[in-house]
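One letter stands for each residue in the lines below.
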Amino acid sequence: MSAYQSLRDRQVAAIKRVLNLNEASHENGDAHHDATATNGLIPQSTPILNAEGEPIWKVLVFDNLGRDVISTVLRVNDLRGLGITIHLNINQQRHAIPDVPVVYLLEPTAANMERITQDLQKGLYSPAYINFLSSIPRPLLEDFATQTAQAGTSEQIGQVFDQYLNFIVSEPSLFSLGMGNETYLTMNSAQTSDDDIDLNVDKIVSGLFSVAVTMGTIPIIRCPKGGAAEMIAAKLDRKLRDHILNSKDNLFSGNRAGGASNLPSSRPVLIIVDRNVDLVPMLSHSWTYQSLIHDVLSMHLNRITVETPAEEGNPAKGSAKRSYDLTSSDFFWNKNAPAPFPQVAEDIDAELKRYTDDAAEITKKTGANSIEDLQNDTSASAQHLKAAITLLPELRERKALLDMHMNIATALLKGIKDRQLDNFFQLEEDIKKQTKVQMLELLADPDKGTEPLDKLRLFIIWFLSTEQEVSRADMERFEEALKKTGVDATPLTYIRRVREITRMTMISSAPTQPQQTSASTDLFRGFTSISSRLTDRFKDAGLGANFDTLISGVKNFLPANKDLTLTKITESLMDPQNASTSALQKTEGFLYFDPRSANARGTMPPSAKDARSGAAQSRGMEASFGQRRQGFSEAIVFTVGGGSMDEYGNLQDWAKRTSGATGGAAGAVSRKRVVYGSTELVNAESFLRELGKLGAEA
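The name an unreviewed UniProt entry gives the protein is Protein sly1, with Friedmanniomyces simplex as the organism. Listed under Sequence similarities (unreviewed entry) in UniProt, the entry text for the protein is "Belongs to the STXBP/unc-18/SEC1 family."

**Some thoughts on the packing of helix α17 (residues 436-444) against helix α19 (residues 472-484)**
Orientation of α17 relative to α19, taken along the N-to-C sense of each, is 20°, at an axis distance of 9 Å. Regarding the angle of α17 to α19, the classification is roughly parallel. For the pair α17 and α19, the crossing hand works out as left-handed. On α19, the residues touching Lys436, Met439, Leu440 and Leu443 of α17 are Asp474, Arg477, Phe478, Ala481 and Leu482. The residue inventory of the contact of α17 with α19, partitioned by class, reads six nonpolar, no polar and three charged.

**Focus on the packing of aromatic side chains**
Given two aromatic rings, one states the distance between the centres and the angle between the planes to describe the pair. Scanning the entire structure with this criterion turns up 15 aromatic pairs. The ring centre of Phe209 lies 5.1 Å from the NZ or CZ of Lys239, which sits over that ring.

**As for α17**
Every buried residue of α17 is listed here: Met439, Leu442 and Leu443. Here the buried residues of α17 occupy an arc of 95° about the axis, which is enough to place them on one side. In α17, the exposed positions that point more than 90 degrees away from the buried face belong to Val437, Glu441 and Ala444. On its buried side, α17 packs onto α16 (421-429), α18 (452-465) and α19.

**Quick word on the pattern of salt bridges**
One pass over the full model with this rule turns up 32 salt bridges. Here Arg138 ties to Glu142 by a salt bridge, and the two come within 3.1 Å at their closest N and O atoms. Separated by four residues within a single helix, Arg138 and Glu142 lie in helix α5 (residues 138-151), roughly one turn from each other. Note that Asp403 is salt-bridged to Lys399, the shortest N-O span being 3.0 Å.

**Observations concerning the environment of Ala14**
Along the polypeptide, Ala14 turns up in helix α1 (residues 7-19). Along the primary structure Ala14 and Leu165 are separated by 151 residues, whereas in three dimensions their C-alpha atoms are 8.1 Å apart.

**Details of the confidence of the model for the protein**
Atom-level detail of predicted coordinates should not be read off regions where pLDDT is low. Chain-level statistics for the protein give a pLDDT mean of 80 and a share of 76% at 70 or above. Here residues 661-669 scores under 50 on pLDDT; set against residues more than four positions off or in separate chains, the count is four contacts.

**Describing α5**
Between the first and last C-alpha of α5 there are 20 Å, a value that for 14 residues agrees with the 20 Å anticipated at 1.5 Å per step. Among the residues of α5, those classed as buried are Leu140, Phe144 and Thr148. Take α5 and look down its axis: the buried residues cluster within an arc of 80°, on one side only. Turned more than 90 degrees away from the buried face of α5, the exposed residues are Arg138, Pro139, Ala149 and Gln150. Residues of α5 that are buried sit in contact with α4 (110-122), β4 (128-132) and β5 (157-162).

**Considering the packing of α16 against α18**
In contact at an axis separation of 11 Å, α16 and α18 are set at 5° when each is read in the N-to-C sense. In this view, α16 runs roughly parallel relative to α18, as classed from their interaxial angle. Between α16, through Leu421, Phe424, Leu427 and Glu428, and α18, the contact on the second element is made entirely by Asp454, Lys455, Leu458 and Ile461. Residues belonging to the contact of α16 with α18 are distributed by class as follows: five nonpolar, no polar and three charged.

What counts, and at which threshold
- Residues numbered from 1 in each chain as written.
- Predicted model: local features only at pLDDT ≥ 70, side-chain atom pairs only at ≥ 80, totals over all residues.
- Heavy atoms only, no water.
- UniProt positions renumbered as here; feature names shortened; annotations may be inferred.
- Axes fitted to C-alpha atoms, helices over the stretch in contact; angles between N-to-C directions.
- Helix = DSSP H or I, 4+ residues; strand = E, 2+ residues; numbered from the N terminus.
- Parallel < 35°, antiparallel > 145°, perpendicular 65-115°, else oblique.
- Left-handed = near helix turned anticlockwise from the far one by under 90°.
- Contact = heavy atoms within 4.5 Å.
- Nonpolar A, V, L, I, M, F, W, Y, C, P; charged D, E, K, R; others polar.
- Phe/Tyr/Trp six-rings, centres within 6.5 Å; stacked < 30°, edge-to-face > 60°.
- Lys NZ or Arg CZ within 6 Å of the ring centre and 35° of its normal.
- Buried < 20%, exposed > 50% of the residue type's maximum accessible area, 1.4 Å probe, protein only.
- Arc of directions from axis to C-beta.
- Salt bridge = Lys/Arg side-chain N within 4 Å of Asp/Glu carboxyl O.
- pLDDT = per-residue confidence, 0-100.
- Expected span 1.5 Å × (residues − 1).

Written as structure tokens, this is what we have:
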């Protein structure tokens, strides 16, 4: 059976092909995303060579989205390996590099077209290989052709390609459309014009179409009735349907040849939901490594900035800010991203011990005292020295990665300690048990961390989850208590309005395992045994002279195994046989679109104006009983208005937990895979700002 390629693998392969001037390997001809020759897998590119066998050196020019798409999956070294000597933003001033090929990767906008024409007129580069991140609209292409003819630059253009890459992949099964932190505000504000809503809907449709093209398969689309999700599903259905019927170059033709791949069961299901289906994950405190980094260190496009001592061992020198990239080649991140924080702490210890043992083994053989001495020592025996030098780069890289994760863990630990995130997380695990009196006490408690927003988050989660009746007088008391902490309570005005909607769609979940709590000293069992070196590192970070006092009071527990609302919706659509009755009832009315089906349900979807005025609604079809009970092994789950790292982690946990444990072909068949996407990954602080603006409108 052929190896599975994740969405990130496929996007990287597509970007590499772009950087190799769209040259595919010989056996695959010029097929664009053609999956027939390789069992649906995109061939890996190798750097393109000229007639002399030398790599062709190129300039890469991108716009902001192009930069984000590339920088999340490739590093500067990767670009160099593909012959890119310099990369520049199209919006900045650039100097001529004559007779050097240029690869453009950008959005098809009128402004970008003009800049390309100006570049070619000035003779900055030649020839130009123009790649659009999404399909260029016909009128814009005609305008560009006219500009090119008038400027006389047609000789300098080598290629023009639509690439369908307008989405950002930050983890193997996680993508966003890079639409900014205010999509939820735009889609839910009464002040947004119909044209702006239509513009956002079209952008989302274009991004989801590109994801389908990159995955090489046409999904079956499910979504709830009404709202933006239905508008997006109907337009996407129409776009896919039109493409199949009218395109000479069918981007999905590879799958057509497969025969069995046309069966609905072997295609993925694309589940589109509005963010209001469940707001809790956008605000909740989490205990996993990736969620904590996203929340505490505000990770963006896999990059974080942390404060570290300016000079190790000398805290008086103050601290310096350092930026880190969490890349796909980081073995520690790949293994520990979804793990609970205490587990990560122990694993850092285990990996450091392994590194120390490996380094000691090498130095013992060569007779040197340390790895550093080894680099300067010429007297070591030649044979052992050769073996050591071969291993040195790998050891140094491992050490650099572990140091990075040590600094990240230090910063997280400081955040957990200052803000008491462990307490907030524990409270949220069992939020429904909190009474109104307990909540008021919590909000008034001055010892609950240094960040008042954490209290606001906790209260909103309780308010959305509780089954107790909250009267107007109660609400005023809660708002008063929050204002005393110095927090802006305007988000609550909006939350009160949407509470009834989200309570209808939220599916409560009881934990399937008891919470495991142990003495706080166990939390950093790993850290305490790392030796005094780490203790010093924590001291340098200004976290108190005594390491034990730092970790005292931080609880060690594993999160309860609890499925979020979106995970339950996904389960009811992917695996209806095993889903809960409450989840099945919630998804019973989801619309069903199959762009490959001949039935006429791809009629033109309504615009935002029509939808608001209630004019002729053209819908997807109500799912028949068979379609409602149809199972899928692969899903793309998309939230309109912001995504949460918590939801991504929860979906991956569910997929792992419910996939067939058996090996071989049977296990592969029952294996579930879920790709999670959103308009933008938003952390709780940004989302509260959006809620505040919506509250101010109300």
